[in-house]
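Listed here are the chains, written in short residue letters.
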Amino acid sequence: MTDPQALRTRAAALHLHGLLAHWAEVAGQPWLAPLLDWEEQERGRRSLERRLQAARIGRFKPLCDFDWTWPKRCDRTAIEALMSLDFLKEASNAVLLGPNGVGKTTLAQNIAHQALIAGHTVLFATAGHLLGDLAALDSDTALRRRLRHYARPSLLVIDEVGYLSYSTRHADLLFELISRRYQAKSTIITTNRPFAEWHEVFPNAACVVSLIDRLVHNAEIIAIEANSYRLKEAEERSELRARRRRASRT
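Let us look at the structure shown here.

Each value, and the rule that gives it
- Residues numbered from 1 in each chain as written.
- Predicted model: local features only at pLDDT ≥ 70, side-chain atom pairs only at ≥ 80, totals over all residues.
- Heavy atoms only, no water.
- Patch = residues over 30% accessible without salt bridge, like charges linked within 9 Å, V, L, I, M, F, W, Y side chains within 5 Å.
- Areas by Shrake-Rupley, 256 points an atom, 1.4 Å probe, with all protein chains shown as cover.
- Salt bridge = Lys/Arg side-chain N within 4 Å of Asp/Glu carboxyl O.
- Lys, Arg positive; Asp, Glu negative; His and termini not counted.
- Charge placed at Lys NZ, Arg CZ, Asp CG, Glu CD.
- Helix = DSSP H or I, 4+ residues; strand = E, 2+ residues; numbered from the N terminus.
- Phe/Tyr/Trp six-rings, centres within 6.5 Å; stacked < 30°, edge-to-face > 60°.
- Lys NZ or Arg CZ within 6 Å of the ring centre and 35° of its normal.
- Buried < 20%, exposed > 50% of the residue type's maximum accessible area, 1.4 Å probe, protein only.
- Contact = heavy atoms within 4.5 Å.

### What to know about a positive patch on the surface
On the surface, Arg237, Arg241, Arg244, Arg245 and Arg249 cluster together into a positively charged patch. Secondary-structure assignment places Arg245 in helix H13 (residues 229-249).

### Some details on the packing of aromatic side chains
Going through the model one piece at a time under the given rule, you end up with four aromatic pairs. Grouped by ring-pair contacts, the aromatic residues Tyr166, Phe195, Trp198 and Phe202 constitute a single cluster. When the ring centre of Tyr182 is taken as origin, the NZ or CZ atom of Arg214, which lies over that ring, is 5.8 Å away.

### Let's talk about the environment of Ile158
Looking at where Ile158 falls in the secondary structure, it is placed in strand E3 (residues 155-161). The exposure class assigned to Ile158 is buried, which follows from its relative accessible area of 1%. Spatially, the C-alpha atoms of Ile158 and His129 are 9.4 Å apart, while their sequence positions differ by 29 residues.

### A look at unusual backbone geometry
Here the phi dihedral of His15 falls at roughly 60 degrees; this positive angle occurs in a residue that is not glycine. Mapped onto the secondary structure, His15 falls in the loop between helix H1 (4-13) and helix H2 (17-21). In this model, Ala91 sits at a positive phi of 55 degrees, which is unusual for a non-glycine residue. In this structure, Ala91 sits in the loop between helix H6 (86-89) and strand E1 (93-97).

### Some details on the environment of Gly162
Following the sequence through the fold, Gly162 ends up in the loop between E3 and helix H10 (168-181). When the C-alpha positions of Gly162 and Pro194 are compared, they lie 8.9 Å apart, and in sequence the two are 32 residues distant. Once you skip the residues sitting within four places of it in the chain, Gly162 turns out to touch Thr191, Asn192, Arg193 and Val201.

### A word on the side chain of His170
Within the secondary structure layout, His170 lies in helix H10. Residues contacting His170, with those up to four places away along its chain left out, are Leu131, Gly132 and Ala135.

### A short note on the pattern of salt bridges
For side chains bearing opposite charge, pairing can occur when the charged atoms are close. Per the stated rule, a full pass over the model turns up ten salt bridges. In this structure, the salt-bridge partner of Arg76 is Glu80, at a minimum N-O distance of 3.1 Å. Here Arg76 pairs with Glu80, and both are found in helix H5 (residues 76-83), just four residues apart, close to one helical turn. Exposure remark for Glu80: the relative accessible area of 40% places this residue in the partly exposed category. We note a salt bridge from Lys89 to Asp86, for which the minimum N-O separation is 3.3 Å. Highlighted residues: Lys89 and Asp86, both in helix H6, separated by three residues, approximately one helical turn.

Dropping the structure here:
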């Protein structure tokens, strides 16, 4: 038999005040435990839907389909450790470093999705979108509000750092955001540029060294070396179409 006090605690956590007001009348009813189960499951489902929509992860290839044999270098154990989400408990960061098309974004999306499934709040954004969004705000009040928006999630993924160059203002805004999250919330960065080249990404910005320092402190840095997956898949599709054309002629 389910502990009545445990049921009452669950009802209180669900804020079912009408049920709690008549608790003496319903405490022994056989439908009470299933009712609480249904309410918890439905709220969990709706919460996941809301967080998935807000996270803006986009479509991605699941990790089970990731071709681990393709990269010349990729620490699979470190990626799987990130998938366990222990780094979120420590508010530590992760940096996925490698050339274009090697799966950095896919790996980050899988980690972000795993965090959502586990009940965490997540936000996924490209560096261009995030910094453009912040830099477009003229009002200090609006900027502070938007910085809180990006600082709030348990996990923030900033994708494609290094694909474009940014102004000093962009660098200062990124530094402010990372500083707000430092040792409080976890951030994943994907980048095609080693940190030694970030002065080219943010030319003339005085905060680059401090920005990198906060990012890499207690961070997992995973370097990926491989030829482009996208080029590989495009070549495979071309070869498949060619085989089909040959087969259709025979």
